[in-house]
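# Coordinates in review
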Amino acid sequence: MSKIIKITDRDNVAVALEPLCAGESYLGVTLREDVPAGHKFALRDIAEGENVVKYAFPIGHATQPIAAGSWVHTHNVKTNLSGMLEYTYNPHPCAVKVDREATFEGYVREDGRVGIRNEVWIVNTVGCVNGTAKTLEKLAQEAYGDRVEGIHCFVHPYGCSQLGEDHKNTQKLLASMVNHPNAGAVLVLSLGCENNNVNVFKEVLGPYNPERVKFLITQEHEDEIEEGMKLLDELTAYASQFKRQTVPASELVIGLKCGGSDGLSGITANPLLGASSDLLARHGGTTLLTEVPEMFGAETILMDRCKDEETFNKAVALINDFKAYFIRHGQEVYENPSPGNKAGGITTLEDKSLGCTQKGGTAEVRGVLKYCEPVKEKGLNLVQGPGNDLCAITALMASGAQMVLFTTGRGTPVGAPIPTVKVATNTPLAQKKHNWIDFNAGVLAQGADMGETVEEFFKKILAVASGEQTQSEKHGYREIAIFKDGVTL
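This one's a predicted model, so the numbers in the text were calculated from it and none came from an experiment.

As a further point, take the overall build of the protein. Check the secondary structure of the protein and you find 13 helices and 23 strands. Taking 23 Å as the expected radius of gyration for a compact globule of 489 residues, we find that the protein reaches 23 Å, a close match to that expectation. Overall, the protein is about 75 × 45 × 40 Å in size when its C-alpha atoms are taken along their principal axes. Per-residue burial for the protein yields a buried fraction of 57% across its 489 residues. Of all intrachain contacts in the protein linking residues separated by at least 6 positions in sequence, the fraction that spans at least 24 positions is 72%. When the accessible area of the protein is evaluated, it comes to approximately 19300 Å², of which 50% is carbon and sulfur surface. Across the protein, 47 positive and 61 negative side-chain charges occur, with their mean positions spaced 2 Å apart.

Now the structure itself:
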């Protein structure tokens, strides 16, 4: 097993797969200093101002001369990125042929959509009833929990005192939860006097089945808990009618996410998700890629894979609109990566983005979705959303993902309302935090074959879709975060 990796022949740095010591030699270069796992060292002398190349692309430039064998990181490298860019469509044909036919056991809903869980969700129109929701969740789990796979509420602080686009985003996000196929039934819980009151929310929600979706306005009842339990009795009874049945993998919609990344994210776990995304496309399935600020510096790779010029133009707007959002708030567009990313070996945003976008594999980009816009195109889609873990996994769920594949090199317990499969980038993390991690991609740094690992991981995906619980589900880690941009009154 090698201790280092040179990712492509064009690179002028290599990455340590485990801690390296000064004086050791690799690829004909003697290390001048210790290099932590996930970090880079120079394979040749790099002049001041010269590009540092990793993944065959520049990840920044040297801010001082870097001698061969030197540690390459934030102390001697700076991003090349600045300002807004103009883009030209240079299509790269990469359509995937549908030639696989796996199946899983899912729940077919009345509208034909497929869920991978049969749960009852309590969705608040406003944060004022968070406490009521939590009380109902606890009591309903005790009284009716054996009827369905779970009864869950998702607290949030919004639904009132928001203006403009923020208020609309809250409504769209909550409506997407009510309509999500992983929920066999939903109790919409309202205070009554909020901006997002039931009558207003119903206009955003659209048509619904009154057996599946019921509303409780707490101000209208003397005992809202008693009334809520009556409704949850009816809802769990309705949801219990659904049974798992065999459906094709083409019905899967899977979100792709990374968080707490390290220098191995773009070498092990993210390429594994990319290969798995390509494999799901071969089954006719769908994947969703978000974290728009973590596309900066690698966005043209995705743009050139857009199926047509209309999709390319949407991808350009996705990138530029997010940059404009940063600028509008007077923030540095390229203020990334995080302290944890840097400690794990990620030096610049280009370094992070080139690793992050590998989750999207090599397939054609079939669609570009606005925040909370439902997915319509099979295959790989880009979704408007920030890099923030909670906001991103919530955005993926809102666009229709039934499951999130979440890679991490530093480790995180966070979970979405939908099953969240944690994939470790390195074996030490998988061993240390086995209560967080569902799959160890670190084996790829230890010599495991990518093709065999992809097939093993795809079996894991199908098992989770068929009911196998993730670590986050076992521990009850389920959160939402609604993206906001403007004023709260």
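Pairing is antiparallel in the open sheet, where 3 strands are placed in the order S6-S7-S9. Of all strands in the sheet, those bounded by a partner on one side alone are strand S6 (51–54) and strand S9 (77–78). Pairing of S6 with strand S7 (residues 57–62) involves 3 bridges; the strand directions are antiparallel. Note that in S7 the partner of Asn51 across the bridge is His61. Where helix H9 (residues 349–356) meets the sheet, it contacts S6 and S7, and its direction lies at approximately 165 degrees from that of S7.

Once that is clear, we can look at the environment of Pro386. The residue Pro386 is located in the loop between strand S20 (379–383) and helix H10 (389–398) in this model. According to the relative accessible area criterion, Pro386 is buried, its value standing at 9%. Considering only alpha carbons, one finds Pro386 and Ala37, 349 residues apart in sequence, at a separation of 28 Å. When sequence neighbours within four positions are dropped, the list of residues in contact with Pro386 reads Glu291, Pro293, Phe322, Cys391, Ala392 and Phe483.

With that out of the way, let us pick up the pairing of strand S2 (residues 13–16). On S2, burial covers both faces: Val13 and Val15 on one face and Ala14 and Ala16 on the other are all buried. Sheet analysis places strand S1 (residues 4–5) next to S2, joined by 2 bridges and oriented antiparallel. Following the sheet pairing, Ile4 is matched in S2 by Ala16. Bridging between S2 and strand S5 (residues 40–42) involves 3 bridges; their strand directions are antiparallel. Across the sheet, the residue bridging to Val15 is Lys40, located in S5.

Here is what the cut-offs are and how they apply
Residues numbered from 1 in each chain as written. Predicted model: local features only at pLDDT ≥ 70, side-chain atom pairs only at ≥ 80, totals over all residues. Heavy atoms only, no water. Helix = DSSP H or I, 4+ residues; strand = E, 2+ residues; numbered from the N terminus. Rg over C-alpha atoms; globule rule 2.2 N^0.38 Å. Buried < 20%, exposed > 50% of the residue type's maximum accessible area, 1.4 Å probe, protein only. Contact = heavy atoms within 4.5 Å. Areas by Shrake-Rupley, 256 points an atom, 1.4 Å probe, with all protein chains shown as cover. Lys, Arg positive; Asp, Glu negative; His and termini not counted. Charge placed at Lys NZ, Arg CZ, Asp CG, Glu CD. Pairing = 2+ DSSP bridges. Axes fitted to C-alpha atoms, helices over the stretch in contact; angles between N-to-C directions.

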